[in-house]
Amino acid sequence: MILGFLASHGGSAARFLTEACRDGRLSAVPVALASNNSGSAALAWAREAGLKAAHLSGAKYPDPDALDAAIVAFLQEAGVDTLVLSGYMKALGPRVLSAYAGRLVNIHPSLLPRHGGRGMYGDRVHEAVLASGDTESGATVHLVTAGIDEGPVLAQVRVPVLPGDTLATLKARVQGAEGELLLQALRSLA
Ligand SMILES: Nc1nc2c(c(=O)[nH]1)N[C@@H](CN(C=O)c1ccc(C(=O)N[C@@H](CCC(=O)O)C(=O)O)cc1)CN2
Ligand SMILES: NCC(=O)N[C@@H]1O[C@H](COP(=O)([O-])[O-])[C@@H](O)[C@H]1O
């Protein structure tokens, strides 16, 4: 399994999975990361970690189809056969979806289908969970398809929402469970 990542900000999933590959917990090789943010911590980390790294965004490619093609070209040039969205905040186009059909996963910080879809990402998800009064939340790893957060679920983990939880405490509990869930999901694709 040759792993590639798309990230917009910190790239926490990419960092976790790369460490897991390098310490033998996942039989895979991380090789490339692209970000739509040129100043993202994920890009800086990827360069330091020795991954092929690229800034690929609408700013560089105003034509969405050209950006879609550039992402595929970058990943295929690196030999990527499995793509992980590591907090990637943009909708993927048909070329990426087709090139990695069945081998393209996303991790979302809620129990999909609850609190998912366009506009639901990052802290907004946890805020929605807290506002809803749900007594549990969690994370979901799913295959990525054309509809936002609508693909088949590969794995889910539940965590409690505790009385007095804040955005920070709930986010930390959910994110603390994401890494192992990703390992479980990727092993199912091996
Ligand atoms: N074709 C698909 N693309 C993406 C999927 C998917 O299932 N199919 N998953 C998303 C998931 N995601 C984060 O991982 C995500 C969900 C929603 C949004 C969103 O609403 N973005 C805003 C713009 C936000 C910004 O520019 O900061 C929007 O599109 O209006 C982003 C990410 C990833 N892609
Ligand atoms: N809809 C997707 C989404 O909200 N993804 C979430 O972004 C965080 C990673 O951000 P980071 O790695 O940039 O810190 C993760 O918690 C992930 O579940």
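The name an unreviewed UniProt entry assigns to the protein is phosphoribosylglycinamide formyltransferase 1, from the organism Deinococcus aluminii. In its Pathway (unreviewed entry) section, the UniProt record describing the protein reads: "Purine metabolism; IMP biosynthesis via de novo pathway; N(2)-formyl-N(1)-(5-phospho-D-ribosyl)glycinamide from N(1)-(5-phospho-D-ribosyl)glycinamide (10-formyl THF route): step 1/1." UniProt annotates the protein under Sequence similarities (unreviewed entry) with the comment "Belongs to the GART family."

1. Observations regarding the site of ligand 1
Around ligand 1 lies a shell of 20 residues, among which Lys90, Arg118, Gly119, Thr145 and Asp149 are the nearest. A distance of 2.7 Å is found between a nitrogen atom of ligand 1 and a backbone nitrogen or oxygen belonging to Thr145. Asp149 has a polar backbone atom sitting 2.8 Å from an oxygen atom of ligand 1. For ligand 1, whose free accessible area comes to 700 Å², the fraction covered by protein is 83%. Classifying every residue of the shell around ligand 1 by side-chain character gives 11 nonpolar, six polar and three charged.

2. Re the environment of Ile71
With respect to the element layout, Ile71 can be found in helix 3 (residues 64–77). A relative accessible area of 4% means that Ile71 is categorised as buried. Taking the C-alpha atoms as reference, Ile71 lies 15 Å from Leu51; in sequence the two are 20 residues apart.

3. As for the environment of Pro94
With respect to the secondary-structure elements, Pro94 resides in helix 4 (residues 94–99). Counting along the chain gives 32 residues from Pro94 to His126, while the straight-line C-alpha distance between them is 29 Å.

4. Digging into the UniProt feature "domain: Formyl transferase N-terminal" (unreviewed entry) in the protein
Mapped onto this structure's residue numbering, the UniProt feature "domain: Formyl transferase N-terminal" (unreviewed entry) falls at residues 5–186. Between the end C-alpha atoms of residues 5–186 there is a gap of 13 Å, over a span that is 38% helix and 21% strand.

5. Some words on helix 6 (residues 167–189)
The terminal C-alpha atoms of helix 6, which comprises 23 residues, lie 32 Å apart, in line with the 33 Å expected from a rise of 1.5 Å per residue. The largest bend in helix 6 amounts to roughly 30° and is located at Glu178. The set of residues buried in helix 6 consists of Leu170, Val174, Ala177, Glu178, Gly179, Leu181, Leu182, Leu183, Ala185, Leu186 and Leu189.

6. Describing the pairing of strand 3 (residues 52–55)
Two faces make up the sheet, and in a regular strand the side chains alternate between them. Note: strand 2 (residues 29–35) against strand 3, four bridges, orientation parallel. The residue bridging Ser35 from the neighbouring strand is His55, located in strand 3. Crossover connection from strand 2 via helix 2 (residues 41–49) to parallel strand 3: handedness right-handed.

7. Observations concerning the side chain of His142
Of note, His142 is situated in strand 6 (residues 136–143). Overall, His142 belongs to the buried group, its relative accessible area being 2%.

8. What about helix 3?
For helix 3, spanning 14 residues, the distance from its first C-alpha to its last is 20 Å, which sits close to the expected 20 Å at 1.5 Å a residue. For helix 3, the full list of buried residues reads Leu67, Asp68, Ala70, Ile71, Val72, Phe74 and Leu75. The inward-facing, buried residues of helix 3 contact strand 1 (2–7), strand 2, strand 3, strand 4 (82–85) and helix 4. Sitting at the amino-terminal end of helix 3 is Asp63, which places a side-chain oxygen 2.9 Å from the backbone nitrogen of Asp65. Downstream of helix 3 by one or two residues, Gly79 has phi in the positive range, about 85°.

What counts and what doesn't
Residues numbered from 1 in each chain as written. Chains lettered and ligands numbered in written order. Predicted model: local features only at pLDDT ≥ 70, side-chain atom pairs only at ≥ 80, totals over all residues. Heavy atoms only, no water. UniProt positions renumbered as here; feature names shortened; annotations may be inferred. Near = heavy atom within 4 Å. Polar contact = N/O pair within 3.5 Å; in protein donor to acceptor, adjacent residues only side chain to side chain. Areas by Shrake-Rupley, 256 points an atom, 1.4 Å probe, with all protein chains shown as cover. Nonpolar A, V, L, I, M, F, W, Y, C, P; charged D, E, K, R; others polar. Helix = DSSP H or I, 4+ residues; strand = E, 2+ residues; numbered from the N terminus. Buried < 20%, exposed > 50% of the residue type's maximum accessible area, 1.4 Å probe, protein only. Expected span 1.5 Å × (residues − 1). Bend = angle between axes of the 7 residues up to and from the residue. Pairing = 2+ DSSP bridges. Right-handed = clockwise from strand over helix to strand, strands pointing away. Contact = heavy atoms within 4.5 Å.

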